[in-house]
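For reference, the chains in residue letters:
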Amino acid sequence: MRSKRGKEIKPTLKNENLFFGALFLNVLITVMNTTMFNVAIPSITTQFNLTATLASWVVTSYSVVFAIGTVMYGRLTGLYPIKRLFTIGLILLGIGSTIGILADSYYLLIVARLIQAAGTSSISALGMIVITRYIPEGRKGAAMGKVAAASTLGFGLGPLVGGLLTEYFGWRFLFVVSLIGVLMIPFYRMNVPNEERPKEHFDFNGLFYLCIGAISLLLFITTENVVFLLGIGFLLIFWYHIQNTQQPFIAPSLMKSKTYLTIIAIGFLIFFINFSILFISPLLLASVHEASVARIGFIIFPGAICSALLSILIGKLLDRIGVIPIIGGGILLMFLAVFLFSSYSYLSEWTILFFYLLSSLSFACITMGLPNFLSNSLKPDQFPSGFGILQLLQFFGGATGVSVSGKILDMGTRESLQINFIWKSSNYVYSNAYFLLMILALIAGIVFYFLKKHESRSTLLSKEM
């Protein structure tokens, strides 16, 4: 759009407060869709007589589709207006939630979760693209802080709401909460600018190869069935495809950048750890401390609400001191949190409250820091695909973490695998799972060291491309 004098006028949100109010609520519900069901897993496991591995798919299936959806919606912004994509996503959320309310079997529950994820993935991807596209440079950190606050609050409010609803009404009522998000459609349609963008080619073949490869890899990790290794070959086909296509789904230059690979490695590891904590902790509270589902929610909520409030301050701080200290501080906090989980969470359920505060605050720092780093480093036309693949790897990391954690808890029941790393009790299996997360947090710290070292040499990622 241009003014009468020929100068280009950058579109803006018609009402930022209304837009961010709607985005805050939708991000909150999106995250709660994961955490509510984490708390309800013991009830779902009992009702359908599931193993820990099968139960983990209530979360894993959602995370896999969510991860792929974030990439897809990001790329679709080159074909369709953002407000239309918001509408489609929220309609899918409504359909999935309705099916979930009526679900009377484990498999129908999984179908409902898949459709929900296909809808909620639009919120994360499109919300961040709107921020980078329409919010001025000096206020991006504060805007991301609001989104991070909603995310952090969702990780705490989800267990509380999920615990209360599951305890008194049953897990099907968790889907009712999600229906509230559909009411936000008018706010996006009124406030997101009308876009006049040239339509880009959409690489559907590349999307297909990537989806099949990613899902096959996760199925192999979860089931240990070597048949799924055949599907992983699609990842090689995908890599060959994007290097020999004019407008590939993901630019090969992104995947060859050492700095970018470092960023997505940190995202993968931190999401692996955080989602694992969310999966393991409710089971630990129920098994070791004999806490009810409702009580589990009350234990997790205080830490989350405190870190959500701090997220807004961190967002403002990010604009002042830069992104590198925020990311580094987040990784340090996560290492401390999982060390304490592994060593002392058997002492009392109240220790878990404090440990969860540290891990959720760490997660907020990372979820703010990594997108901000990319928005300042990538060119505008690179950001949708760059952020999309970051989201894909992050939530794939989260899904893998839940699957691996489920396998560790299952293996702990086998006498031949009873190895006690930390606790001197019969509940050592939870300590062992947290111990693995501690190792991964240490690896994330090492990866961050290389990112910081490279950043001191060059502040622009695009120079590598």
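This text follows the structure it describes.
Residues numbered from 1 in each chain as written. Predicted model: local features only at pLDDT ≥ 70, side-chain atom pairs only at ≥ 80, totals over all residues. Heavy atoms only, no water.

A. Seen up close, the overall build of the protein chain. If you tally the helices and strands in the protein chain, you get 16 helices and 0 strands. Taken over 465 residues, the protein chain has a buried fraction of 58%. Working note: accessible area of the protein chain is about 19200 Å², and carbon and sulfur atoms make up 65% of it. (Helix = DSSP H or I, 4+ residues; strand = E, 2+ residues; numbered from the N terminus. Buried < 20%, exposed > 50% of the residue type's maximum accessible area, 1.4 Å probe, protein only. Areas by Shrake-Rupley, 256 points an atom, 1.4 Å probe, with all protein chains shown as cover.)

B. Molecular detail of the packing of helix H3 (residues 82–102) against helix H4 (residues 106–134). The contact between H3 and H4 brings their axes to 7 Å, and the two run at 155°. Taken together, the axes of H3 and H4 lie roughly antiparallel to each other. Helix-helix and strand crossings are classified by hand; for H3 and H4 the assignment is left-handed. A per-class count over the contact of H3 with H4 returns 17 nonpolar, 9 polar and 1 charged. (Axes fitted to C-alpha atoms, helices over the stretch in contact; angles between N-to-C directions. Parallel < 35°, antiparallel > 145°, perpendicular 65-115°, else oblique. Left-handed = near helix turned anticlockwise from the far one by under 90°. Nonpolar A, V, L, I, M, F, W, Y, C, P; charged D, E, K, R; others polar.)

C. Molecular detail of the packing of aromatic side chains. One pass over the structure, following the stated rule, counts 19 aromatic pairs. Measuring from centroid to centroid gives 4.0 Å for phenylalanine 86 and tyrosine 188, while their planes differ by 5°, and the two rings are stacked. Of this pair, phenylalanine 86 sits in helix H3 while tyrosine 188 sits in helix H7 (residues 185–191), and the two are 102 residues apart along the sequence. Judged by relative accessible area, tyrosine 188 falls into the buried class, the value being 0%. (Phe/Tyr/Trp six-rings, centres within 6.5 Å; stacked < 30°, edge-to-face > 60°.)

D. Spotlight on helix H14 (residues 349–377). For H14, built from 29 residues, the straight-helix expectation of 42 Å at 1.5 Å per residue is met to within 8% by its first-to-last C-alpha distance of 42 Å. Counting buried positions along H14 gives 24 out of 29 residues, so the element sits mostly inside the fold. Its side-chain oxygen at 3.0 Å from the backbone nitrogen of tryptophan 350, serine 348 defines the N-terminal cap of H14. (Expected span 1.5 Å × (residues − 1). Polar contact = N/O pair within 3.5 Å; in protein donor to acceptor, adjacent residues only side chain to side chain.)

E. Looking closely at the nonpolar core. Formed by 125 residues in total, the largest nonpolar core has its most connected members in Phe19, Phe86, Tyr188, Ile277 and Leu437. When residues in this core are grouped by element, the largest group, 17 residues, is from helix H11 (residues 258–287). Once residues lying within four places of it in the same chain are set aside, the contact partners of tyrosine 188 are Phe19, Ala22, Leu23, Asn26, Lys83, Phe86, Leu90 and Ile123. By size, the runner-up hydrophobic cluster in this structure holds 22 residues, among which are Ala103, Ile110, Leu153 and Leu165. (Core = buried A, V, L, I, M, F, W, Y, C linked by side-chain atoms within 4.5 Å. Contact = heavy atoms within 4.5 Å.)

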